[in-house]
Amino acid sequence: GGIITQTPKFLIGQEGQKLTLKCQQNFNHDTMYWYRQDSGKGLRLIYYSITENDLQKGDLSEGYDASREKKSSFSLTVTSAQKNEMAVFLCASSMDWGGDEQYFGPGTRLTVL
Amino acid sequence: GDQVKQSPSALSLQEGTNSALRCNFSIATTTVQWFLQNPRGSLMNLFYLVPGTKENGRLKSTFNSKESYSTLHIRDAQLEDSGTYFCAAANTNTGKLTFGDGTVLTVKP
């Protein structure tokens, strides 16, 4: 088994601020993902990384940057927080790319004032 | 249009009863995952499916790739089954996971 940790759990930012979310996994999985979940909706893919040093845009990448520092960690940056933005950001990992089972972290809840 | 459509969007069950949730896909799908999201927001893996059926306790799930749907059956519903159930389909061509908008299940005593 393994675990995915996300920091921070809650993030409050100001409009225009650059904000960074972090994710660590100890599954030794190759592929990691960042998703955004808006209230009452399903998850949408922001960025993913098939292996260390790889970076791929998802469906919602505009306004975000990502960085795969090493195999076990994947960071997401909100480049300019939008006022009244509220969402939960979920990190996931899977052994491989292309339909492998994904496991999720507990999420970071973002509020922008 | 919606690539992964879940139904119903909300469901209320009496404790001890049975029900089924459904997911229809409009994308070519290799694998399907079902998750339960608790009120704190954590996603718990329920099933990971290639075409076929799996069973785990009171839960049973089927993925029919030819007819592009998946179902999740809940037998003898318990209070702790309450939460939001999501299905997600892995696109055959891109490998990306596309989520439905979820079914909010409330089990009442």
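Refer to the structure presented above.
### A closer look at the overall build of chain A
Regarding its fold elements, chain A presents 0 helices and 11 strands. For chain A, the sequential pattern of α-helices and β-strands runs β-β-β-β-β-β-β-β-β-β-β. For 113 residues, the compact-globule estimate of 2.2 N^0.38 gives 13 Å, and chain A sits close to it at 13 Å. Viewed in the frame of its principal axes, chain A has a C-alpha envelope of about 35 × 25 × 20 Å. Residues counted as buried form 48% of the 113 residues belonging to chain A. Sequence separation of 24 or more characterises 56% of the internal contacts of chain A that already satisfy a separation of 6 or more. Within the structure as shown, chain A displays about 5,500 Å² of accessible surface, and the carbon and sulfur contribution to it stands at 47%. Counting 12 positive and 13 negative side-chain charges, chain A places the centres of these two groups 7 Å from one another.

### Notes on the interface of chain B and chain A
Frequently, the measure chosen for interface size is the accessible area that the parts lose on association. At the interface, 20 residues of chain B touch 21 residues of chain A. Across the interface of chain B and chain A, roughly 1,600 Å² is buried in total on both sides, 49% from carbon and sulfur atoms. Taken together, the connections running from chain B to chain A amount to 2 salt bridges. The residue K41(A) makes a salt bridge to D101(B) at a minimum N-O spacing of 3.9 Å. Summed over the shared surface of chain B and chain A, the result is 7 residue pairs in polar contact (both at pLDDT 80 or more). Mapped onto the side of chain B that touches chain A, the elements with two or more residues apiece are β4 (29-37), β5 (43-49), β9 (83-91) and β10 (97-99) of chain B.

### Comments concerning the pairing of strand β11 (residues 108-112) of chain A
All names here are of chain A. Residue alternation in β11 divides its side chains into a buried set, T108, L110 and V112, and an unburied set, R109 and T111. Relative to β11, strand β2 (residues 10-13) runs parallel, the two sharing 4 bridges. Pairing of F10 across the sheet is with R109, part of β11. Alignment of strand β9 (residues 86-94) against β11, held across 4 bridges, turns out to be antiparallel.

Scoring rules and cut-offs
Residues numbered from 1 in each chain as written. Chains lettered and ligands numbered in written order. Predicted model: local features only at pLDDT ≥ 70, side-chain atom pairs only at ≥ 80, totals over all residues. Heavy atoms only, no water. Helix = DSSP H or I, 4+ residues; strand = E, 2+ residues; numbered from the N terminus. Rg over C-alpha atoms; globule rule 2.2 N^0.38 Å. Buried < 20%, exposed > 50% of the residue type's maximum accessible area, 1.4 Å probe, protein only. Contact = heavy atoms within 4.5 Å. Areas by Shrake-Rupley, 256 points an atom, 1.4 Å probe, with all protein chains shown as cover. Lys, Arg positive; Asp, Glu negative; His and termini not counted. Charge placed at Lys NZ, Arg CZ, Asp CG, Glu CD. Buried area = accessible area lost by both parts, 1.4 Å probe. Salt bridge = Lys/Arg side-chain N within 4 Å of Asp/Glu carboxyl O. Polar contact = N/O pair within 3.5 Å; in protein donor to acceptor, adjacent residues only side chain to side chain. Pairing = 2+ DSSP bridges.

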